[in-house]
Amino acid sequence: EAKRMGKSRYVIFDDSMRKRVMREMMLENDLRKAIEHKQLKLFYQPIVSLESGAVCSVEALIRWNHPRHGIISPGEFIPIAEDTQQIIELGEWVLREGCRQYADWAERLEYQTPSMISINLSRKQFACPLLVHTVQRTLEEFQVAPKHIQLEVTEDAFASDIKSAIQAMKDLKAIGVKLAIDDFGIGRSSFASLNQFPVDTLKIDRSLIAEVKRTKGMAAMINSLVVLSENLGIMLIPEGIEEASQVTALQKLGCHFGQGYYFGRPMPAEKLEAYLLKQPNACFNSVPQMA
Ligand code: C2E
Ligand code: MG
Ligand code: MG
Ligand code: MG
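Residues numbered from 1 in each chain as written. Chains lettered and ligands numbered in written order. Predicted model: local features only at pLDDT ≥ 70, side-chain atom pairs only at ≥ 80, totals over all residues. Heavy atoms only, no water.

Within an unreviewed UniProt entry, the label attached to the protein reads Phytochrome-like protein cph2, and the organism entered is Gimesia alba.

Student: What is the right way to read the overall build of the protein from this model?
Tutor: Each helix and strand in the protein was counted, giving 11 helices and 9 strands. Expected size for 291 residues packed as a compact globule is a radius of gyration near 19 Å; at 20 Å, the protein falls within 12% of this value. Each of the three principal axes of the protein carries a C-alpha extent, and together these read 70 × 50 × 40 Å. Looking at the protein as a whole, 48% of its 291 residues are labelled buried. Of all intrachain contacts in the protein linking residues separated by at least 6 positions in sequence, the fraction that spans at least 24 positions is 71%. Working note: accessible area of the protein is about 15,200 Å², and carbon and sulfur atoms make up 54% of it. When the 35 positive and 36 negative side-chain charges of the protein are each reduced to one mean point, those points stand 5 Å apart. (Helix = DSSP H or I, 4+ residues; strand = E, 2+ residues; numbered from the N terminus. Rg over C-alpha atoms; globule rule 2.2 N^0.38 Å. Buried < 20%, exposed > 50% of the residue type's maximum accessible area, 1.4 Å probe, protein only. Contact = heavy atoms within 4.5 Å. Areas by Shrake-Rupley, 256 points an atom, 1.4 Å probe, with all protein chains shown as cover. Lys, Arg positive; Asp, Glu negative; His and termini not counted. Charge placed at Lys NZ, Arg CZ, Asp CG, Glu CD.)

Student: Explain helix H9 (residues 216-232) to me, please; I cannot follow it from the model alone.
Tutor: It helps to recall that an α-helix has 3.6 residues per turn; residues three or four apart then point in one direction. Along its 17 residues, H9 runs 24 Å from first to last C-alpha, staying within 8% of the 24 Å computed at 1.5 Å per residue. Within H9 the residues assigned to the buried category are Met 218, Ala 219, Ile 222, Leu 225, Val 226 and Ser 229. Buried residues of H9, seen end-on, are gathered within an arc of 115° and therefore sit on one face of the element. Turned more than 90 degrees away from the buried face of H9, the exposed residues are Lys 216 and Asn 231. As for H9, its buried residues are in contact with strand S6 (178-184), strand S7 (201-204), helix H8 (206-211), strand S8 (235-238) and helix H10 (244-252). Downstream of H9 by one or two residues, Gly 233 has phi in the positive range, about 70°. (Expected span 1.5 Å × (residues − 1). Arc of directions from axis to C-beta.)

Student: Would you explain the packing of aromatic side chains in this entry?
Tutor: Both the distance between ring centres and the angle between the ring planes are used here to describe each pair of aromatic rings. By the definition in use, this model includes 5 aromatic pairs. Taking 4.9 Å as the distance between ring centres and 70° as the angle between the ring planes, the aromatic pair formed by Tyr 44 and Trp 105 counts as edge-to-face. With Tyr 44 in strand S1 (residues 40-49) and Trp 105 in helix H3 (residues 86-109), the pair connects residues that are 61 residues apart, well separated along the chain. For Trp 105, a relative accessible area of 0% translates into the label buried. In this structure an aromatic cluster arises from ring pairing among Phe 126, Phe 158 and Phe 197. Positioned above the aromatic ring of Tyr 261, the side-chain terminus of Arg 265 is 3.8 Å from the ring centre. (Phe/Tyr/Trp six-rings, centres within 6.5 Å; stacked < 30°, edge-to-face > 60°. Lys NZ or Arg CZ within 6 Å of the ring centre and 35° of its normal.)

Student: How should I be thinking about the confidence of the model for the protein in this particular structure?
Tutor: Detailed conclusions should not be drawn from predicted coordinates in areas where pLDDT is low. Residue-level pLDDT values for the protein average 91, and 92% of them are 70 or greater. Interface confidence for the predicted complex, expressed as ipTM, amounts to 0.98; the pTM equals 0.93. (pLDDT = per-residue confidence, 0-100.)

Student: Honestly, the coordination of the magnesium ion (ligand 3) in this entry has me stumped. Any pointers?
Tutor: For a metal bound by four donors in tetrahedral geometry, the ideal donor-metal-donor angle is 109.5 degrees, whereas six donors in octahedral geometry ideally sit at 90 or 180 degrees. Only Asp 182 (OD), Asp 183 (OD), Glu 239 (OE) and Glu 239 (OE) from the protein coordinate the magnesium ion (ligand 3), and they sit 2.0 to 2.4 Å from it. Positions of the donor residues of the magnesium ion (ligand 3), expressed as sequence spacing, correspond to D-D-x55-E. (Donors = N, O, S within 2.8 Å, 3.2 Å for Na, K, Ca; no water.)

Student: I tried to follow the packing of H3 against helix H11 (residues 269-278) on my own but got confused; where do I start?
Tutor: The description of two packed helices rests on the angle between their axes and on the distance between the axes. One way to put it is that H3 packs onto H11 with a least axis distance of 12 Å and a crossing angle of 35°. Once H3 is placed against H11, the crossing between them reads as right-handed. Within the contact between the two elements, H3 uses Gln 101, Trp 105, Arg 108 and Leu 109 and H11 uses Ala 269, Leu 272, Glu 273, Leu 276 and Leu 277. The class makeup of the residues in the contact of H3 with H11 is 6 nonpolar, 1 polar and 2 charged. (Axes fitted to C-alpha atoms, helices over the stretch in contact; angles between N-to-C directions. Left-handed = near helix turned anticlockwise from the far one by under 90°. Nonpolar A, V, L, I, M, F, W, Y, C, P; charged D, E, K, R; others polar.)

Student: Sorry if this is basic, but what is going on with the site of ligand 1 here?
Tutor: Residues in contact with ligand 1 amount to 22 residues; listed here are only the nearest, Arg 63, Asn 120, Asp 182, Glu 242 and Tyr 261. One of the side-chain nitrogen or oxygen atoms of Glu 59 is found 3.0 Å away from an oxygen atom of ligand 1. Measuring from an oxygen atom of ligand 1, one finds a side-chain N or O atom of Asp 183 at 2.9 Å. Burial of ligand 1 by the protein amounts to 83% of the accessible area it has alone, namely 810 Å². For the shell around ligand 1, the elements supplying multiple residues, two or more each, are strand S2 (55-66), helix H2 (74-83) and S6. Among the elements that line the shell around ligand 1, the one with the most residues is S2, at 4 residues. (Near = heavy atom within 4 Å. Polar contact = N/O pair within 3.5 Å; in protein donor to acceptor, adjacent residues only side chain to side chain.)

Student: What is the right way to look at helix H7 (residues 162-174) in this model?
Tutor: For H7, built from 13 residues, the straight-helix expectation of 18 Å at 1.5 Å per residue is met to within 8% by its first-to-last C-alpha distance of 18 Å. Within the span of H7, buried status applies to Ala 165, Ile 166, Ala 168, Met 169 and Leu 172. Down the axis of H7, the smallest arc covering the buried residues is 160°, so these residues share one side. Facing away from the buried side of H7, by more than 90 degrees, are the exposed residues Lys 163 and Ala 174. Where H7 is buried, its residues touch helix H4 (123-127), helix H5 (131-142), strand S5 (149-154), helix H6 (156-159) and S6.

This is the structure in structure tokens:
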């Protein structure tokens, strides 16, 4: 009996496994052509001032419009690209497209342009010795001043080799770009290690934000992150804000900025422009400075 059940379980597992592996192989294969065939697109999500709702920066989030399977989320294809080294080419495309778009906004929208664009880096990109050179070359190509670019990395990018990670961060800081730790609070790096990283911004993972209203402990933790980040001179951005009551709670805890569906979903560039033009004059301090 046990043996039979074991066997049938094995069959179910095997079937869904096979489907998953087939889909992964299909995606891996099709991804090779995705850049060339212009199937990739960047969406942009506003990062706002909690006080005024003004857009301070935008995060670029990649989308893949697959000819047969429709929109595929980065959560599904970025890990595949990581496994196959395609992430380097893909990452360069994201960097170029983000800079191209930012330069275009700066020219057309002037002072309505967000003061920064945030670009996600994958673990392998971050570990690539050529990264600094690529970033610098891309900034020059599109004449974007480095202070308008923020690079986001998650904690897993420096979990295995803290020393070289810190060096990589210093190298990036040296060319003038900003750095953010993404999804903070769910990874393995300790509270104390924050002090070692030359970062400008800390983004609190949305799973923590979802807990803020439910547990006193979480509110206390967010509040201590507020104090810590203020003392270290780091910008704090809670992610995944979906409700007005979360905005109120986070403001009470001392947060000044935020990102989430409540303020706006990731959207195509044209839609973001319309969103920006609707904003009151905002936290954009000045016309972006081009290199
Ligand atoms: P992330 O960098 O932490 O980006 C935030 C994710 O949370 C985005 O998912 C965004 O759509 C989603 N999000 C924003 N606000 C809310 C909210 O209020 N509620 C909920 N439930 N979700 C919200 P997305 O676009 O699917 O991206 C997932 C992850 O894929 C990103 O997490 C990032 O790690 C990675 N990714 C996206 N674009 C790129 C890219 O260009 N390069 C690399 N290397 N990774 C990328
Ligand atoms: Mg991010
Ligand atoms: Mg995040
Ligand atoms: Mg994430």
